[in-house]
Amino acid sequence: MTENEQQVAGLLLAAGGGRRLGGRPKALLQHRGRPLVEHAAGVLHAAGCTRVHVVLGARADAVREQAELEGCVLVENPEWEQGMGTSLRAGLDSLAGTGVRAALVSLVDQPGIGPEAAGRVLAAYRDETSLVSAAYDGVRGHPVLFGRAHWADIAETATGDRGARAYLKAHEPAITLVECGDVARPYDIDTEADLVHLE
């Protein structure tokens, strides 16, 4: 195990209720015969994160029943309906006492982003001041790595569905961009039309 793998935890945001999918929680969508949340947690493990925290919200009980998430810490976000910002805060809170020095944050609804891209972002971690983001043809995307030094300020600015967007915009010059367009496709599963991306 490399030092990076011990110091960086995976943080999977999987609480959304799938409002534009007719209220089907994204975590429970089927991909390659398994719930999407299981696939996404597996990507973080495969990328080298030995600790993975998964933030659940919509139909959390069903997710716990249907998805095999052994080895993951499951974090319940009771405020998930208020948007992704609350899930990011809940996830960072859950990591606070663990001694990890950075969080590699990914979203449950991006199955086109696999271990290669996540591993590249993880490999760019230096210390707890690190801010790293995957990029696709130069455009910032996910996953994103936040060193611990940034967590409190990110939690303060994470509101609604914005997550860390405002914080990242304000700290653009400090972000290390890691090009991943050759190994991943950053589409989201947001609407019925996007379901074609599931396998």
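Preceding this paragraph is the structure being described.
About the cut-offs
- Residues numbered from 1 in each chain as written.
- Predicted model: local features only at pLDDT ≥ 70, side-chain atom pairs only at ≥ 80, totals over all residues.
- Heavy atoms only, no water.
- Pairing = 2+ DSSP bridges.
- Helix = DSSP H or I, 4+ residues; strand = E, 2+ residues; numbered from the N terminus.
- Axes fitted to C-alpha atoms, helices over the stretch in contact; angles between N-to-C directions.
- Salt bridge = Lys/Arg side-chain N within 4 Å of Asp/Glu carboxyl O.
- Buried < 20%, exposed > 50% of the residue type's maximum accessible area, 1.4 Å probe, protein only.

Q: Kindly report on the sheet that holds strand β5 (residues 72-76), identifying the contributing residues and their values.
A: Reading across the sheet, the seven strands line up as β5-β4-β1-β6-β8-β7-β9 and stay open at both edges, with mixed pairing between neighbours. The open sheet has two free edges, formed respectively by β5 and β9 (176-179), since each of these has just one partner strand. Averaged over all adjacent pairs, the angle separating strand axes in this sheet is 25 degrees, with direction ignored. Both strand β6 (residues 102-107) and strand β8 (residues 139-147) contribute to a ladder of four bridges, which runs antiparallel. Bridging across to β8, valine 105 finds its partner in valine 144.

Q: Talk me through the pattern of salt bridges; I want residue IDs and the actual numbers.
A: The final tally for this structure, using the stated rule, is 11 salt bridges. Note that glutamate 76 is salt-bridged to arginine 64, the shortest N-O span being 2.8 Å. Highlighted residues: glutamate 76 in strand β5 and arginine 64 in helix α3 (residues 60-66), separated in sequence by 12 residues. Relative accessible area serves as the criterion here: at 40%, glutamate 76 is assigned to the partly exposed category.

Q: A description of the pairing of strand β1 (residues 8-14) should follow, citing residues and the corresponding values.
A: The side chains of a regular strand alternate, residue by residue, between the two faces of the sheet. Burial analysis of β1 places seven of its seven residues in the buried class, which makes it a mostly covered element. Here β1 shows two buried faces, one formed by Val8, Gly10, Leu12 and Ala14 and the other by Ala9, Leu11 and Leu13. As paired strands, β1 and β6 are joined by six bridges and run parallel to one another. Following the sheet pairing, leucine 12 is matched in β6 by serine 106. By the bridge criterion, five bridges tie β1 to strand β4 (residues 52-56) in an arrangement that is parallel. Across the sheet, the residue bridging to leucine 13 is valine 55, located in β4.

Q: Give me the pairing of strand β7 (residues 131-136): which residues, what numbers.
A: With respect to burial, β7 is a largely interior element, six of its six residues being buried. Where burial is concerned, the two faces of β7 agree: the one with Leu131, Ser133 and Ala135 and the one with Val132, Ala134 and Tyr136 are both buried. By the bridge criterion, five bridges tie β7 to β8 in an arrangement that is antiparallel. If you follow serine 133 over to β8, its bridge partner there is valine 144. Connecting the antiparallel pair β7 and β8 is a turn made up of two residues, with aspartate 137 showing a positive phi of about 50 degrees. Relative to β9, β7 runs parallel, the two sharing four bridges. Residue serine 133 lies in a different strand from β9, and its bridge partner there is leucine 177.

Shape descriptors only; they carry no functional weight alone.
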